[in-house]
Structure formats: C-alpha cells, structure tokens
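The residues making up each chain are set out below.
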Amino acid sequence: MPTSQKRNGRYVAEVTKYQEVGVRLVMEGALTARDRVGVQDFLLLENYTSEAAFIENLRRRFRENLIYTYIGSVLVSVNPYKELEIYSRQHMERYRGVNFYEISPHIFALADNSYRALRTERRDQCILISGESGAGKTEASKKILLYYTTTCPARENNASIRERLLQSNPVLEAFGNAKTLRNDNSSRFGKYMDIQFDFKGCPIGGHILNYLLEKSRVVHQNHGERNFHVFYQLLEGGEEDLLKRLGLERNPQQHHYLVKGCCPRVSSINDRNDWKTVNKALTIIGFNEAEVEKLFDIVGSVIHLGNTQFGEDEDGETHITTETQLRYLSKLLGVNGSELSQALTHRKITAKGEEMVSPLNLEQAILSRDALAKGVYRRTFTWLVAKINQSLAFKDDIYYSGKCSSVIGLLDIYGFEVFQINSFEQFCINYCNEKLQQLLIELTLKSEQEEYEAEGIAWEPVNYFDNKIICDLVEEKHKGIIAILDEECLRPGDASDITFLEKMEDTLGGHAHFVTHKLANGKTRKAVGREEFRLLHYAGEVNYSTNGFLDKNNNLLYRNLKEVMCQSENPIMSQCFNREEVIDQKRPETAATQFKFSLAKLMEILMSKEPSYMRCIKPNDGKQPGRFDEVLVRHQVKYLGLMESLRVRRAGFAYRRHYQAFLQRYKSLCPDTWPSWEGNLADGVATLVKHLSYTPEEYKLGRSKIFIRFPRTLFITEDALEARKPS
Ligand code: ATP
Ligand code: MG
C-alpha cells in the first residue's frame, strides 16, 4: 500500500477513534487532526499568550462537538445545548483509571482523577465548577455524581445510597431552580455537596450545604421568568383530589405570585412529568406520605398567600378581604385564622419594655404578607435540605469515629451576574465569585509554589491580579460595604438606601474599585446613576442600584407573624419557626452578614481539600446548539481568568509524575536497560530520559518526581509507546 494511502487510512481510523474515545492524534499532511479539532490542552498552543488563538481553539473544537479542553489540569467546557452521545456507561468505563493525557478531555476524566487521588493519597478532594448562568455548571455536577454512583463499587447493605444521592437533585431543583431569561433551569441557590466514600472507595453518604436562596422570586419575577418550578409542577401534575384539598385552581394564571413574569409554560420543561419525578424522588429519599402531604400544603399555602388581598374599612383599618384564602391558609399552615389575619395586618413592637400593637396600612400589610411568603418558602427549603441530609448521612459508628471515610466535594454555585438592573442579590452573588477567585488564586499559585519548593525546583513566579482588594472592599470589618450596610440597617431614624449610599461615598470614595456618580472635581459621572454605586470587579464593572438594599439585608419578619407560625400544627412549619427565636429579642443577623460568614466557612472547607477546577462557558445567549458567539465567549474567557491560568501553567511544568510511576509506564521504551536494571529510581529516570533524548529545558528532576515542562514531550513519549504495541 502506498504510504499516503496508508497514512490516510490511519488518519481516518484515528480520527474516528479520536471522535469516539478522543485519542489524541498529530498528523503530518494536508489536513491534520490538529487543524480540524485544535489542541486538547491549551498548554500546547504555539501562541499561548494570544487570546484570539485561545478562542479559535475553543471554536474549532466546539464545531466538532469536542466541548472539553484542558488548561493543564483545569477542565474548560463549552455548553453544546444539545445532547451528545458521550456520557454513556461505555464512556464512563473508558475513563476509569486512565491518565489525563492518554485520552481526550472529558468531565469523567476530571471526576476519575479526583477519585483516584482520593483513593491513593487519602486526601479529601473538591471540584469547583464555575461559569455564568446557563454555562452548564449544574449539568456538569450531575454528570460527576452520576459517574461516581455508576462506576464506584457499592457497599454491601448500602447500595441504595447511590439512588438517594442522585434523587436529591430533582427535589432540590424543583424547589430551588426556576426559569430565568438566561437559563430555563437556573439554580437560584448555591450548592456545595460532599460525597462520602469509605476506605474501599464505595460511596456511603453525602451532605449538602446550601447558600442564599433567591427568595424574592417567590413574590416577584421579571418579565419572561417564572417562580420556582415546584409551583407549576404541583398545578400541572397534582392529582384532582390534591388540588381540591389545597383549594387551588389548576391554571397558574389565576395565581398572583405566578403571573408576574407572564410565562407560565416553558417549551423545554414538562411540569407534569417533573411532578412525577419529584414525587418519586421524595419517596426514594425517605419522605413518608404525611411529610409529603405537609410539604405540599406549604407550597399551596404560599400560592394562597399571593392571592390574599387587603382592603381598608371606614376607619382606615386594614383587613383581609379574601376570606377563602384565609380559610385555606389557616388549614394548610395549621394556624389560627384570626390570629394570622391579625398578625398580617398589625405589628407588635416593644418600646422601653412595653409591648405595643400598631396597625399596618395597606401597603405595609402587603409587604408583611410577602415577607411571610418568602420566609415560609426559604425556611421550608432549608428544612428540605436538612431532611435530605438526614437521608444521605452515613449512620455507621466507625465512620463517625472519623477513621474510614474521605470526601469529594462538588461546588455548583451561581456565576458572576450582570443584569440591566443589579440589586442586593447580584451584589451577594458577585461577592461570592470574588471569594472563589481569591481561593483559586491562592490555591493554584500556592500549591504550585509549594510543590516546586518541596521538590527543590527553581520557579519564576507569574504576575497576576490579586482581587483581595475587592474582597476587602466588600467584607472588611467596620469599613467594608457590608459593615456600612449593617450599620445603616441598625441605625434608628432616617436610615435609607440613600443614606447608605452617602455613607459609602464618605467612607469608600477614592477607593480604586468603588465608584459613584460623583467625580472628584465636583462634576457628575453619567455612567453611574444617582442611586447607584459601581464596583470594579475582577470580572468587570457592575452598577448596583441601592434600591431595596436595606430591606433585603434586614431580613425582617415581624415578631407577631413568627409567634403565629411557631404555634403551627403543620410539623414542618413548627420545625421551621421555633420559640427561642421569638423569645430572643436580639436582632437576627443581617442577610449579608450571614452570607459573609457562610462563605468564610465554605472557603475553609475548600481550603482543606485538594481542588480541581472546571470552568464552564456559555457559547451564545439564545440557548442554541452549534452557535458560537465570539464576543460573548471572549468576555467569559477574560473574566474566568483563563489566559492567566494558562500563563501560570506555562510558566511552570505541565506534568509531574513520581519516578516510580514514570518508570513503570515507559521503561519498555528502553529494552536494552530494562528489565535487568537494578539502580535507584532517580538514576533509572535519568537513564530513561537520556535514552528518550529529552533536552534539558524539557524536564527537571526533583526529589521524588520528574517535572515535564511541555505536554508535547509526554505526547511524543506516549506515541512511541503506542507505536510499540502490536497492531
Ligand atoms: P445557572 O447558574 O443558571 O444555574 P448553570 O451553569 O447551572 O446555570 P445548567 O443548568 O447546568 O447551567 O445548563 C443550562 C442548560 O444547558 C441545561 O438545562 C441544558 O439544556 C444545557 N446543557 C448544559 N450542559 C450540557 C451538556 N453537557 N450537554 C447538553 N446540554 C447541556
Ligand atoms: Mg445551575
């Protein structure tokens, strides 16, 4: 056979193989695989400092449905917005126990890598998934969970844990996800999930931490958005009897809290099927019938709260005009109707030790109704997570003695968000992203540096933007934005969103990352409104409207409403509202401070584990398959700091391997020396690399590992190994 044909034959075979399992191929010839599909690791880019080359590589691969690419050990993915046949059981098998560079990039490779590190090094792992709304974080975290629950061995008598782990997702998504303009299934809460493994590597349990549910959605949705999925599932899928018992009309348009976004149905969502899925999941997780009934009583009661209306009588007193709603509220929430009605229209305050009751006007009554709806929903969500955690908890004493388990944590948390109007919620979400960026910087640079130091390898540090200054701006004690906000929330008298803005101007004016409409020369900056402030985030500039900041941060539910709720006969409600809270006159922590503390705790958890990163990219704003919007992608590449990650990795060594592992894999390439070699490992590696003709700049020998600067070196060695295999 002529050489060219043979080559073409091999080319076709290998490309097919490549597309199938993704085995890397570098071909000489007219159209190389690399021309078509780019490089599978950005470290291999010739022009690695060029953003254009980076994006072109992403685009080429995306066109070929190769949605995954590495930057060293960081996995970058581009949402395909279509089902790809790459997540089957067979695919999972291919990635088991295989090293990164031996097979094409894949989320299963990332999952497997963490699992192997957990097993061999006995160190807790975490996988941090980031990217903007709709980029594919939640789908990725579900695929990782599926990989572990499918491929890891099952523990005797505890096989059902796998199913329970998986089934936690539909439940949490029903209550915590919603259709937004960006994503039909947008997570409106942050989630960190630990998957626990025993010493044999069997999944044995899990634990979920949830962060800041966007509870304002319960009472208001922007045009084109929906409330949380569960409301529509209940109305669409709930049996006749159930809806009758709950006193609910099936049509979402009839319900005040569900019509704000004018978007009751979404073509990509089947609420009726999802209703079945969620109910099944609740059963598998271990909810009994009574609990499920009480849970949906609460969901129904929130809908009724939305339909509750108020009127003013001749004396100007506010009262509830919708008697039917009140009756259902009383029944479903298990509370006394007239007490609830009184609590929704009055406010109890204690001044100088004396208790006073003051009536609410119409507007205040509506606010107190909405506050109750948000409070009930948020607390129910927290209860749900606690209940799922009970079901996922491993109940073995040996485990609790802490000897035999290790965990892989999965972080799926809201990405950086910029809307036309950005409020308190975006402020919290973007602050969270600053913290994660800070962690990423510390961990990547720190761990790189530590390893080089431990191995005695000289290293040139790379310059990068340290966003600590922005984290401090937000969270610093006494003078950060949260501290100023809290101060205004606690200050009696004329405190308002505007005084909050003024205080920030006084304290933070002149800060390099904080801007208002006022310019130093007394003129006005047009790009920032009079009721706005702008933060220069690591990921870009965002204007925040201060409107509603104080209210949202205050997190207040009037005491008399809490009093009514903690007497509830609905067992879920009575667990959600407890007496101590009512007796305790101390002001509860503000929302921002609570969030700050929970983030600090999360950072501690993540710092104690060995991290892997996945960075998700959204290719277009239209949720369309195959469309690659370059401007949008470039923006994400920038703010995800991908070019910086690449520079850091390139400055160091792409791969490192223990001497033993390196010898084990490649010694067959030097048959004259092995198997009779009897020297020590370091000398063995030195001999082997000499035989393989590595140049001095390609590698360095540390104390226990060989460091290889370019992946290309390893690929050529891998090719040589491949070529030795019988065809
Ligand atoms: P948010 O921050 O709003 O929660 P997200 O990053 O979690 O967004 P996902 O919900 O994971 O985004 O993904 C959005 C949608 O994109 C999915 O509902 C799905 O239709 C599609 N999608 C994401 N990843 C994949 C994938 N690997 N294959 C096919 N479709 C995907
Ligand atoms: Mg999500």
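For the structure itself, consult the block above.
Residues numbered from 1 in each chain as written. Chains lettered and ligands numbered in written order. Predicted model: local features only at pLDDT ≥ 70, side-chain atom pairs only at ≥ 80, totals over all residues. Heavy atoms only, no water.

Engineer: Hey, could you run me through unusual backbone geometry in this one?
Structural biologist: Among all residues save glycine, negative phi is the norm, and among peptide bonds the norm is trans. Positive phi, close to 65°, is recorded for Asn-65, a residue that is not glycine. Along the polypeptide, Asn-65 turns up in the loop between α3 (51-63) and β1 (68-71). Since its relative accessible area comes to 33%, Asn-65 is described here as partly exposed. At Leu-212, a position not held by glycine, the phi torsion is positive, near 35°. Examined against the element boundaries, Leu-212 turns out to sit in the loop between β7 (203-211) and α8 (229-237). (Helix = DSSP H or I, 4+ residues; strand = E, 2+ residues; numbered from the N terminus. Buried < 20%, exposed > 50% of the residue type's maximum accessible area, 1.4 Å probe, protein only.)

Engineer: How should I be thinking about a negative patch on the surface in this particular structure?
Structural biologist: A cluster of like negative charges, contributed by Glu-312, Asp-313, Glu-314, Asp-315 and Glu-317, occupies part of the molecular surface. In this fold, Asp-315 is placed in the loop between β8 (310-312) and β9 (318-320). We classify Asp-315 as exposed; its relative accessible area is 67%. (Patch = residues over 30% accessible without salt bridge, like charges linked within 9 Å, V, L, I, M, F, W, Y side chains within 5 Å. Areas by Shrake-Rupley, 256 points an atom, 1.4 Å probe, with all protein chains shown as cover. Salt bridge = Lys/Arg side-chain N within 4 Å of Asp/Glu carboxyl O. Lys, Arg positive; Asp, Glu negative; His and termini not counted. Charge placed at Lys NZ, Arg CZ, Asp CG, Glu CD.)

Engineer: What is the right way to look at the pattern of salt bridges in this model?
Structural biologist: Side chains that differ in sign of charge can pair as their charged atoms come close. According to the stated counting rule, one finds 47 salt bridges in the structure shown. Through salt bridges with shared partners, a single ionic network connects Glu-51, Glu-56, Arg-59, Arg-60, Glu-630, Arg-634 and Lys-638.

Engineer: Would you mind showing me how to read the nonpolar core here?
Structural biologist: Soluble globular proteins tend to pack their nonpolar side chains together in the buried interior. Ranked by size, the top nonpolar core spans 105 residues in total, and within it Tyr-148, Phe-175 and Phe-231 carry the most contacts. In terms of residues, this core owes the most to one element, helix α14 (residues 362-392), which gives 12 residues. Tyr-101, Tyr-414, Leu-508 and Ala-591 belong to the second-largest nonpolar core, a separate cluster that totals 90 residues. (Core = buried A, V, L, I, M, F, W, Y, C linked by side-chain atoms within 4.5 Å.)

Engineer: So what exactly am I meant to see when it comes to the site of ligand 1 here?
Structural biologist: In the vicinity of ligand 1 lie 18 residues, with Asn-79, Ser-133, Gly-134, Lys-137 and Ser-186 positioned nearest. Here an oxygen atom of ligand 1 and a backbone polar atom of Ala-135 are 3.3 Å apart. Expressed as a share of its isolated accessible area of 630 Å², the protein-covered part of ligand 1 is 87%. Secondary-structure elements contributing two or more residues to the shell around ligand 1 are α6 (137-151) and β5 (186-187). In terms of residue count, the dominant contributor to the shell around ligand 1 is α6 (four residues). Along the lines of polarity and charge, the residues of the shell around ligand 1 split into four nonpolar, nine polar and five charged. (Near = heavy atom within 4 Å. Polar contact = N/O pair within 3.5 Å; in protein donor to acceptor, adjacent residues only side chain to side chain. Nonpolar A, V, L, I, M, F, W, Y, C, P; charged D, E, K, R; others polar.)

Engineer: Which parts of the structure should I look at to understand the pairing of strand β11 (residues 354-359)?
Structural biologist: Strand residues, when the strand is regular, have side chains that alternate between the two faces of the sheet. Relative to β11, strand β10 (residues 346-351) runs antiparallel, the two sharing six bridges. Looking at the pairing, Arg-347 lines up with Ser-358 of β11. In textbook terms, the turn of a hairpin is the stretch between consecutive antiparallel strands, and for β10 and β11 this stretch comprises two residues, one of which, Lys-352, has a positive phi near 50°. (Pairing = 2+ DSSP bridges.)

Engineer: Quick question: what am I supposed to make of the coordination of the magnesium ion (ligand 2) here?
Structural biologist: Any two of four tetrahedral donors ideally make an angle of 109.5 degrees at the metal, while pairs among six octahedral donors ideally make 90 or 180 degrees. The protein atoms that coordinate the magnesium ion (ligand 2) are Thr-138 (OG1) and Ser-187 (OG), at distances spanning 2.0 to 2.1 Å. Here Thr-138 is found in helix α6, whereas its partner Ser-187 is found in strand β5, with 49 residues between them in sequence. A relative accessible area of 14% means that Thr-138 is categorised as buried. (Donors = N, O, S within 2.8 Å, 3.2 Å for Na, K, Ca; no water.)

Engineer: Explain helix α26 (residues 642-651) here, please?
Structural biologist: Given 3.6 residues to a turn, an α-helix orients residues that are three or four positions apart in the same direction. Across the 10 residues of α26, seven count as buried, placing the element largely inside the fold. Buried within α26 we find Leu-642, Met-643, Ser-645, Leu-646, Val-648, Arg-649 and Arg-650.

Engineer: I tried to follow the environment of Asn-288 on my own but got confused; where do I start?
Structural biologist: With respect to the helices and strands, Asn-288 occurs in the loop between α10 (271-285) and α11 (289-307). Asn-288 sits in the partly exposed class, given a relative accessible area of 41%. Sequence-wise, Asn-288 and Tyr-544 are 256 residues apart; in three dimensions their C-alpha atoms are separated by 44 Å. For Asn-288, the side chain forms a polar contact with the main-chain nitrogen of Glu-291, separated by 2.8 Å.

Engineer: What am I meant to see in the packing of aromatic side chains here?
Structural biologist: Centre distance and the angle of the planes are the two values used to describe a pair of aromatic rings. Tallied over the full model, the rule gives 33 aromatic pairs. Through a chain of ring-to-ring contacts, the aromatic side chains of Tyr-87, Tyr-95, Phe-108, Tyr-115, Tyr-147, Tyr-148 and Phe-197 assemble into a single cluster. In this structure, Lys-387 packs its charged tip against the face of Phe-287, placed 5.5 Å from the ring centre. (Phe/Tyr/Trp six-rings, centres within 6.5 Å; stacked < 30°, edge-to-face > 60°. Lys NZ or Arg CZ within 6 Å of the ring centre and 35° of its normal.)

Engineer: Would you explain the sheet that holds strand β13 (residues 514-515) in this entry?
Structural biologist: Strand pairing in a sheet relies on backbone hydrogen bonds, with the paired strands running either antiparallel or parallel. If you walk across this open sheet you meet the three strands as β13-β14-β15, and the pairing is antiparallel. In this open sheet, the two edge strands, each paired with only one partner strand, are β13 and β15 (540-545). Two elements, β13 and strand β14 (residues 532-537), share two bridges in a ladder whose sense is antiparallel. Considered in β14, the bridge of Phe-514 is made with Leu-535. Relative to β14, helix α19 (residues 497-508) is tilted by about 45°, and along the sheet it contacts β13 and β14. (Contact = heavy atoms within 4.5 Å. Axes fitted to C-alpha atoms, helices over the stretch in contact; angles between N-to-C directions.)

Engineer: Explanation requested: the pairing of strand β16 (residues 610-617) in the structure shown.
Structural biologist: Along β16, six of the eight residues are buried, which leaves the element largely enclosed by surrounding structure. Examined bridge by bridge, strand β2 (residues 74-78) and β16 share four bridges and lie parallel to one another. Within β16, the position partnered with Val-78 by the bridge is Ile-617. Across six bridges, the pairing between strand β3 (residues 125-130) and β16 is parallel. Pairing of Ile-127 across the sheet is with Ser-612, part of β16.

Engineer: How should I be thinking about the sheet that holds strand β17 (residues 655-658) in this particular structure?
Structural biologist: A sheet is described by the order of its strands in space; here three strands give the open sequence β17-β19-β18, paired in antiparallel fashion. Looking along the sheet, the strands with just one partner apiece sit at the ends: β17 and β18 (699-701). Put simply, the sheet's adjacent strands are angled 15° from each other on average, direction ignored. As judged from the three bridges shared by β18 and strand β19 (residues 705-708), these two strands associate in the antiparallel manner. Residue pairing across strands places Leu-701 opposite Ile-706, the latter belonging to β19.

Engineer: Sorry if this is basic, but what is going on with helix α5 (residues 107-121) here?
Structural biologist: Taking 1.5 Å as the rise per residue, α5 with 15 residues should run 21 Å; its terminal C-alpha atoms sit 21 Å apart, in good agreement. Buried within α5 are the following residues: Ile-107, Phe-108, Ala-109, Leu-110, Ala-111, Asp-112, Ser-114, Tyr-115, Ala-117 and Leu-118. (Expected span 1.5 Å × (residues − 1).)

Engineer: What should I look at first to understand the environment of Val-218 in this one?
Structural biologist: Turning to its location among the elements, Val-218 is positioned in the loop between β7 and α8. Take Val-218: its relative accessible area is 0%, and that puts it in the buried class. Taking the C-alpha atoms as reference points, Val-218 and Arg-378, separated by 160 residues in sequence, lie 9.1 Å from one another. Dropping the residues within four chain positions of it, Val-218 is found in contact with Asn-227, Phe-228, Tyr-257, Val-302, Ala-373, Lys-374 and Tyr-377.

Everything listed is a geometric property; what it means functionally is a separate question.
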